[in-house]
Amino acid sequence: MNKHKLKILLAAPRGFCAGVDRAIEIVKKSIDKFGAPVYVRHEIVHNKHVVESLKKIGAIFVEELSEIKDKSRPVIFSAHGVPKSVPEEAKSLNMNYVDATCPLVSKVHREAENLYKSGNHILLIGHKNHPEVIGTLGQLPRGSIDLIESVEDIEKYNSTKKNIAYVTQTTLSVDDTKDIINKLKNKFPEIKEPKKEDICYATTNRQSSVKNIAKLCEMFFVIGSRNSSNSVRLVEVAKNSGCKKSTLIHSESVVPFEEISKCSTIGVSSGASAPEILVDNFISTLKEKYEVKIEEVEIIKENITFKIPKKLN
């Protein structure tokens, strides 16, 4: 019996970004240097496969420093960044900590601080309760920064403040954020913007590569975790770019073979915290059922790397 022919358009770039690579490397190097266990506050990156593989070599994941029994062990802060109160708490407990905050998130933190010091009230465009947003809000005194999640939030937002500036979460939808920023500029024509866009290069590139091929696909699959902001945004981008049947494939997903069997072309990408092995596994599963032809569609080469903290060298 002949297998159903299936063409896979594979988006590139996809998967790990420089910030995720660096964060994982920091955990591994910390275990090499200090021995196991090392503690990690919050998932180092939002991917179950990554977290489980690091647990196996001696990482223990906690949500708060208070959960760490042995305060003599090092603790690592996740790539999403933390409020200022967290390193202060670690110092007060005499804990050795390593900060794995993505340098592009740290850039937003410094930007927010500088804008605040110049006398501005800050608006942060982002998603409530996302660890990156919690970290950025926690850089400034309470009341000096407000969260904006949508265009509707701007309509309801009233401020008598003279000087207003905005910063954004790094993993947002480029298009949605553009709409929010335009609305902000209409309402507050004098609003100060970041010197350089806050949405990170990897988020922008992955969204562009999905946009580029989604319209050619009958179904689109993004490999990533449900709590990964950038993965969830990629699904939205695929839907908005012409592929209504776009879905997230996470650790508990069931592959919809019946639906795929009706397709001749599908698209595949992965979020910035999803390792390539998960993409390989997904494609291998499809190869068991279909005669698969893969075409990788690359829109830009990425060659960015970030340095590891000196204390781990």
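Just so it is clear, the structure is predicted and the values come from calculations on it, not from any experiment.

## Thoughts on the overall build of the protein chain
A tally of helices and strands in the protein chain yields 11 helices and 12 strands. For a compact globule of 313 residues, the expected C-alpha radius of gyration is about 20 Å, and the protein chain comes in at 21 Å, within 12% of that figure. With the C-alpha coordinates aligned to their principal axes, the bounding extent of the protein chain is approximately 70 × 55 × 30 Å. Within the protein chain, the proportion of its 313 residues that are buried is 52%. In the protein chain, 77% of the contacts between residues at least 6 apart in sequence involve partners at least 24 apart. Accessible surface, the protein chain as shown: approximately 15,400 Å² in total, 50% of it carbon and sulfur. For the protein chain, the distance from the average site of its 48 positive side-chain charges to the average site of its 40 negative ones is 2 Å.

## Thoughts on the environment of Thr 247
Checked against the element boundaries, Thr 247 lands in strand β10 (residues 246-249). In the structure, Thr 247 is positioned 96 residues away from Val 151 in sequence and 25 Å away in space, judged by C-alpha atoms. In this structure, Thr 247 is in contact with Phe 220, Phe 221, Val 222 and Val 235, ignoring residues within four places of it in sequence.

## Quick word on the environment of Leu 93
Mapping Leu 93 onto the fold places it in the loop between α3 (85-92) and β5 (97-99). As a C-alpha pair, Leu 93 and Leu 65 span 28 residues in sequence and 9.3 Å in three-dimensional space.

## Overview of the sheet that holds strand β11 (residues 265-270)
Spatially, β10-β9-β11-β1-β12 is the arrangement adopted by the 5 strands of the open sheet, whose pairing is parallel. The strands lining the two open edges of the sheet, one partner per strand, are β10 and β12 (290-298). Put simply, the sheet's adjacent strands are angled 25° from each other on average, direction ignored. Sheet topology places strand β9 (residues 219-223) next to β10; 4 bridges connect them, and they run parallel. Looking across to β10, one finds that Ile 223 is bridged to Ile 249. The strands that helix α8 (residues 201-214) touches are β1 (4-12), β9, β11 and β12; relative to β1, the one it contacts most, it runs at about 150°. The strands that helix α11 (residues 276-289) touches are β1, β9, β10, β11 and β12; relative to β12, the one it contacts most, it runs at about 145°.

## Brief notes about α3
Of all the positions in α3, only Val 86, Pro 87 and Ala 90 are classed as buried. With its buried residues spanning 95° around the axis, α3 presents them on a single face. Exposed residues lying more than 90 degrees from the buried face of α3 are Lys 91 and Ser 92. Buried positions along α3 lie against β2 (38-41), β4 (75-77) and β5. Just beyond α3, the residue with positive phi is Asn 94, at close to 55°.

## Here we look at empty space enclosed by the protein
The full count for this structure, using the stated rule, is 1 cavity of 30 Å³ or more. Roughly 260 Å³ of volume is contained in the largest cavity. Taken together, 21 residues form the lining of the largest cavity, with Val 20, His 80, Thr 170, Thr 171 and Asn 230 sitting closest to its centre. Looking at the lining of the largest cavity, the elements with two or more residues in it are α1 (18-34), α4 (103-117) and α9 (229-240). Of the residues belonging to the lining of the largest cavity, the class tally is 9 nonpolar, 11 polar and 1 charged.

## Examining the pattern of salt bridges
As enumerated under the stated definition, the model contains 19 salt bridges in all. Across the pair Arg 233 and Glu 236 runs a salt bridge whose closest N-O atoms are separated by 3.0 Å. Within this pair, Arg 233 and its partner Glu 236 are both found in helix α9, separated by 3 residues, close to a single helical turn. Exposure remark for Arg 233: the relative accessible area of 9% places this residue in the buried category. Residue classification places Glu 236 among the partly exposed residues on the basis of a relative accessible area of 29%. Put simply, Lys 245 and Glu 259 hold a salt bridge, and the shortest N to O gap is 3.4 Å. Taken together, the residues Lys 245 in the loop between α9 and β10 and Glu 259 in helix α10 (residues 257-260) connect sequence positions 14 residues apart. Owing to a relative accessible area of 30%, Glu 259 belongs among the partly exposed residues under this scheme. A network of salt bridges, in which partner residues are shared, links Arg 14, Glu 276 and Glu 296.

Rules and cut-offs
Residues numbered from 1 in each chain as written. Predicted model: local features only at pLDDT ≥ 70, side-chain atom pairs only at ≥ 80, totals over all residues. Heavy atoms only, no water. Helix = DSSP H or I, 4+ residues; strand = E, 2+ residues; numbered from the N terminus. Rg over C-alpha atoms; globule rule 2.2 N^0.38 Å. Buried < 20%, exposed > 50% of the residue type's maximum accessible area, 1.4 Å probe, protein only. Contact = heavy atoms within 4.5 Å. Areas by Shrake-Rupley, 256 points an atom, 1.4 Å probe, with all protein chains shown as cover. Lys, Arg positive; Asp, Glu negative; His and termini not counted. Charge placed at Lys NZ, Arg CZ, Asp CG, Glu CD. Pairing = 2+ DSSP bridges. Axes fitted to C-alpha atoms, helices over the stretch in contact; angles between N-to-C directions. Arc of directions from axis to C-beta. 1 Å grid on protein atoms, 1.4 Å probe; cavity = no way out; pocket = protein on both sides within 12 Å on 5 of 7 lines; lining within 4 Å. Points joined across faces, edges and corners; volume = space filled by probe spheres on them. Nonpolar A, V, L, I, M, F, W, Y, C, P; charged D, E, K, R; others polar. Salt bridge = Lys/Arg side-chain N within 4 Å of Asp/Glu carboxyl O.

Bear in mind that shape data such as this cannot, by itself, settle questions of function.
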